[in-house]
Amino acid sequence: MGERNSLHPPPAMMIEDYGRRDASVNTMSPRVIVAGEPGSGKTWVLLHKGTEWLLGGNDVNVVSTRRWSRTPCTMLYNQLQQVRAAQPTGAVALGQLHFWQFDFAHEKDVEKAVKDLSEEARGGSLYVIADEVYGQNFRKFCDQLQQVCDVHRLHLWAAASDREDPPSGWLGVRPGNSVTRKIPKVTQLYHRGPGHSGGADNCESCGREVARYLHSLRATGRFGHVVSVCELG
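Report follows, based on the coordinates. What you see is a predicted model, and the numbers here were worked out from it, not measured in a lab.

It is worth spelling out the nonpolar core at this point. Ranked by size, the top nonpolar core spans 24 residues in total, and within it L126, F138, F141, L145 and L156 carry the most contacts. Counting only elements with at least two residues in this core, the list comes to helix 4 (107-121), strand 4 (126-133), helix 5 (136-148) and strand 5 (154-160). By residue number, the principal contributor to this core is helix 4, which donates 5 residues. Contacts of F138, omitting those with residues within four sequence positions, involve I33, T65, F104, V133, L156 and A158. Among the nonpolar cores identified, the runner-up in size contains 20 residues, and W53, L76, Y77 and F99 belong to it.

Below you can see the structure in the form of structure tokens.
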């Protein structure tokens, strides 16, 4: 399971208020792609939906599908853990929380994810949230999972960049203005060019670029920025 981090989930009141003001999180569609640029509020939407499922007594599966999605998915898992732990004992029948890590750059991981998650359903409903999804192998995963699970029992919400269209038959939504008005400036750094190697999550050149940029913000007294490292391909 994911390691705990220093981030804390928003109070339940904030989550509920966010849900009332943003229609995208209130849709009843079971399979949704939340699309938007970095910092647009996609993960907030997934956090709200995961909280709704947990408090409804449903087991929730947080699924990381690529190397670069492990950090946001781990943060999302930890935030849901803390939301779950904050509920009064015996107040409601809470669902369980599970964290899965795959790398859909490899076909065998797609097959393993379908097998593992279909077994998790055990003939019942399956609830999945996935942050930072991308590519044809994610679509293949969705198609195969729908084939082995009862399509009416599969609930899968995922977040993707603007360039990712929803699979056929899925609903595509964008976080509402209630979120984007509060988002700070987002600066994107790219994992490409001379000196970059491996994945963005363990590239020394990416780390140095982030450090230089953060140092420049501190030197000029500029704060409230979000830095996103994008891995292409």
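Attention now goes to the sheet that holds strand 5. Read across the open sheet, the 6 strands follow the order 3-2-4-5-1-6; overall the sheet is parallel. Every interior strand has two partners, whereas the edge strands, strand 3 (97-101) and strand 6 (171-173), have only one. Strand after strand, the sheet turns through a mean of 20° between neighbouring axes, direction not considered. Where strand 2 (residues 60-64) meets strand 3, 5 bridges bridge the pair, whose relative direction is parallel. The residue of strand 3 that forms the bridge with N61 is H98. Its contacts with the sheet place helix 3 (residues 70-85) against strand 2, strand 3 and strand 4, and it is angled at close to 170° to strand 3. Packing against the sheet, helix 5 makes contact with strand 1 (31-35), strand 4 and strand 5, and its axis sits at approximately 175° to strand 5.

In terms of burial, strand 1 is a largely internal element, 5 of the 5 residues being buried. The alternating pattern of strand 1 places R31, I33 and A35 on one face and V32 and V34 on the opposite face, and all of these are buried. Note that strand 1 and strand 5 share 5 bridges and pair parallel. Bridged to A35 within strand 5 is A160. Pairing between strand 1 and strand 6: 3 bridges, direction parallel. What sits directly across from V32, in strand 6, is L171.

Scoring rules and cut-offs
Residues numbered from 1 in each chain as written. Predicted model: local features only at pLDDT ≥ 70, side-chain atom pairs only at ≥ 80, totals over all residues. Heavy atoms only, no water. Core = buried A, V, L, I, M, F, W, Y, C linked by side-chain atoms within 4.5 Å. Buried < 20%, exposed > 50% of the residue type's maximum accessible area, 1.4 Å probe, protein only. Helix = DSSP H or I, 4+ residues; strand = E, 2+ residues; numbered from the N terminus. Contact = heavy atoms within 4.5 Å. Pairing = 2+ DSSP bridges. Axes fitted to C-alpha atoms, helices over the stretch in contact; angles between N-to-C directions.

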